[in-house]
Amino acid sequence: MACARTSRTSSPSISCSDTAEFRACYKTIREPKHGSCHIGRLVVTGEAAGRWGRPSRESAARAQSGAVPTPPDPAALYPDVAACGSLAAALRAEAEGCLAGVPVTSSDFDPLLHATVTSMLPHREPLQISASSHERRWSIRGTEPFQSLSLIGGRTDDLAEVARAARAWHDGAALNGIRQAAPFVHLTGRFEVPDLDSARLVESEWQSMRVEASGLDYVWQETYQALIEAAHAEPALRALYPFTSHWALRFSTTTRPRLTVVGPCLTAGSDGMYGVGTGFITSDLGLFATAHEAAAVAVHHMPSGLGPVTLGG
């Protein structure tokens, strides 16, 4: 990588969450986060747990040591990127210049840690590329513009691989083709729906949910996957737009970005039981030993006369 070194003073990056997200099942519905804690019978996992429940391993270690580690200077963690002046410039120099001529930009706020790469396809948002502030690693996220949902993701310590993934995203390669170009890329299971056909968006979201459920690394993975598969097997539920709030399965008669919640909520308990309720912290409609029983009860409590799912926006 042939880049001239430039000096830079780093600025702290602050990340905060909207507390309304925790009340998602009641008013504003958002995508689930990931971590591990319990609310009633509902298993809440992922990033949400660090905010509202059991701390993550990293935060527990920091609490035990009594000190909050200060992130290293990005220029020290990424000296090759600092030599180029920005992550965008470093990306253009990688993989034998495979991004030459491609619009790559870095933020003014943190040019060593963030960059975006546009796509030739109008139904793709710019690929977001971020560098970790604690270890030498990059992550990517590629989304579609209507729902702002992830189509691809992934993490790697090889910047050349990131550049190859970015080139494929820009050139409009199929999602599987992007993964072939850069094997670190993770496919979320969603597929692209350029014409915004609502039925296809429903199908895409179900596929993503099933892919996610099959790959979870938690002791309750099989229980949760059984719930998703049982709900998908019911035609009345499969016709609705699925979403989760803190791993509770719910349904909508419209797609994102504006969901119209309908019917009961299904949960998979860490005790192997399945709950059906009017809210995600209650199983007031019953507890069941099998996912298929819970799904059948959910169908029974669905309002009659629901039409096809429409676009929510």
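Residues numbered from 1 in each chain as written. Predicted model: local features only at pLDDT ≥ 70, side-chain atom pairs only at ≥ 80, totals over all residues. Heavy atoms only, no water.

### A closer look at the pairing of strand β9 (residues 241-245)
The condition is simple: Note on classification: 1.4 Å probe, protein chains only; a residue is buried when its accessible area is under 20% of the maximum for its type, exposed when over 50%, partly exposed between these limits. Only DSSP runs of H or I with at least four residues qualify as helices, and only runs of E with at least two residues qualify as strands; both kinds are numbered from the N terminus onward. The pairing criterion is simple: DSSP has to find at least two bridges between the two strands.
Counted residue by residue, β9 has five buried out of five residues, so it is predominantly covered. Alternating residues of β9 divide into Tyr241, Phe243 and Ser245 and Pro242 and Thr244, and every residue in both groups is buried. The sheet contact formed by β9 and strand β10 (residues 248-252) spans five bridges and is antiparallel. Paired with Ser245 across the two strands is Ala248, which belongs to β10. As consecutive antiparallel partners, β9 and β10 are separated by two residues, and within that stretch His246 has a phi angle of approximately 55 degrees, a positive value.

### Describing the confidence of the model for the protein
In plain terms, the rule: pLDDT is defined as a per-residue confidence score from the predictor, taking values between 0 and 100. Should any heavy atoms of two residues lie within 4.5 Å, those residues are counted as being in contact.
Looking at the protein, pLDDT values average 84 and 78% of them are 70 or higher. Across residues 4-57 the pLDDT falls below 50, and counting only partners more than four positions away or on other chains, this stretch makes 124 contacts in the model.

### Things to note about the side chain of His232
Structurally, His232 can be placed in helix α9 (residues 221-233). On the accessibility criterion, His232 (18% relative accessible area) is buried.

### A few points about the packing of α9 against helix α11 (residues 291-300)
Axes are the key here: two packed helices are described by the angle between their axes and the distance separating the axes. Rule in force here: Only the stretch in contact is used when fitting a helix axis, every axis being a line fitted to C-alpha atoms; angles between N-to-C directions are given from 0 to 180 degrees. For this classification, under 35 degrees means roughly parallel, over 145 means roughly antiparallel, 65 to 115 means roughly perpendicular, and everything else is oblique. It is the rotation of the near helix from the far one that decides the hand of a crossing: anticlockwise by less than a right angle makes it left-handed, clockwise makes it right-handed. Side-chain classes are defined by residue name, with Ala, Val, Leu, Ile, Met, Phe, Trp, Tyr, Cys and Pro counting as nonpolar, Asp, Glu, Lys and Arg as charged, and the others, Gly among them, as polar.
Remark: α9 packs on α11, axes separated minimally by 8 Å, with the N-to-C direction vectors making an angle of 45 degrees. Of the possible angle classes, the one that applies to α9 and α11 is oblique. Pair α9 / α11 crosses with right-handed handedness. Between α9, through Ala226, Leu227, Ala230 and Ala231, and α11, the contact on the second element is made entirely by Ala291, His292 and Ala295. Across the contact of α9 with α11, the residue classes tally to six nonpolar, one polar and no charged.

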